[in-house]
Amino acid sequence: MIEVWRSALADAAQRICLPDIADKALAGLKFSAALPSRLAAATLAARLADVDAAAEVLREPVRFAYL
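The structure contained in this document is the topic of the report that follows. (Residues numbered from 1 in each chain as written. Predicted model: local features only at pLDDT ≥ 70, side-chain atom pairs only at ≥ 80, totals over all residues. Heavy atoms only, no water.)

1. With respect to the overall build of the chain
Here is the rule we go by: Per the convention used, a helix needs a DSSP run of H or I reaching at least four residues, while a strand needs a run of E reaching at least two, with both numbered from the N terminus. Atoms counted for the radius of gyration: C-alpha only. Globule rule: 2.2 Å times residue count to the power 0.38. Only heavy atoms enter the contact rule, under which two residues are in contact if any of them lie within 4.5 Å. When charges are counted, neither His nor the chain ends are considered; positive counts come from Lys and Arg and negative counts from Asp and Glu. Charge coordinates come from a single atom per side chain, which is NZ of Lys, CZ of Arg, CG of Asp or CD of Glu.
Of regular secondary structure, the chain possesses five helices and zero strands. The N-to-C order of helical and strand elements in the chain reads α-α-α-α-α. A compact globule built from 67 residues would reach a C-alpha radius of gyration of about 11 Å, whereas the chain, at 17 Å, exceeds it by more than 25%. Intrachain contacts of the chain at a sequence separation of at least 6 include 58% that bridge at least 24 residues. Treating the 8 positive side-chain charges of the chain as one cloud and the 8 negative ones as another, the clouds have centres 5 Å apart.

In structure tokens, the structure reads:
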């Protein structure tokens, strides 16, 4: 189990992705009217995502407890 976890985390920081954005989240934003819809969604996702903090969490030590 621990080896599976370690192998999954080996390159996890490079595989962090942006969140999916609902169309309702873009409604009323000025830049969403000026940009193509996919670019507007990517822009909002990048603004909302905290990629640095996610990478930091992945570097935290993990301890498994079997109950």
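2. Regarding the environment of E60
Secondary-structure assignment places E60 in the segment after α5 (51–59). Remark: the alpha-carbon pair of E60 and I21, spanning 39 residues in sequence, is separated by 28 Å.

3. Quick notes on the pattern of salt bridges
Counted only if it meets this: A pairing counts as a salt bridge when a side-chain nitrogen of Lys or Arg comes within 4 Å of a carboxyl oxygen of Asp or Glu.
Under the criterion given, the structure shown has one salt bridge. Ionic pairing is found between E56 and R59, a salt bridge with its closest N-O pair at 3.0 Å. Separated by three residues within a single helix, E56 and R59 lie in helix α5, roughly one turn from each other.

4. Observations concerning the nonpolar core
A general trend in soluble globular proteins is that nonpolar side chains are found buried together. Applicable threshold: Buried residues of nine kinds, namely Ala, Val, Leu, Ile, Met, Phe, Trp, Tyr and Cys, make up a nonpolar core once their side-chain atoms join them within 4.5 Å. Three labels apply to residues, based on accessible area from a 1.4 Å probe with only protein chains included: buried if under 20% of the type maximum, exposed if over 50%, partly exposed otherwise in between.
With seven residues, the main nonpolar core is built from I21, L26, F31, A40, A41, L44 and A45. Considering every element that reaches this core, the biggest residue donor is helix α4 (residues 37–48), with four residues. The contacts of A41, once residues within four sequence positions are left out, are I21 and L26.

5. A few points about the side chain of S32
Definition in use: Polar contacts, as counted here, are pairs of nitrogen or oxygen atoms within 3.5 Å of one another; within protein the pair requires one atom able to donate a hydrogen and one able to accept it, and residues that are adjacent in sequence qualify only if both atoms are side-chain atoms.
Inspection of the secondary structure assignment puts S32 in helix α3 (residues 30–34). In terms of polar contacts, S32 uses its side chain to reach the backbone carbonyl oxygen of L26, at 2.9 Å. Setting aside residues up to four positions removed in sequence, S32 forms contacts with L26 and A40.

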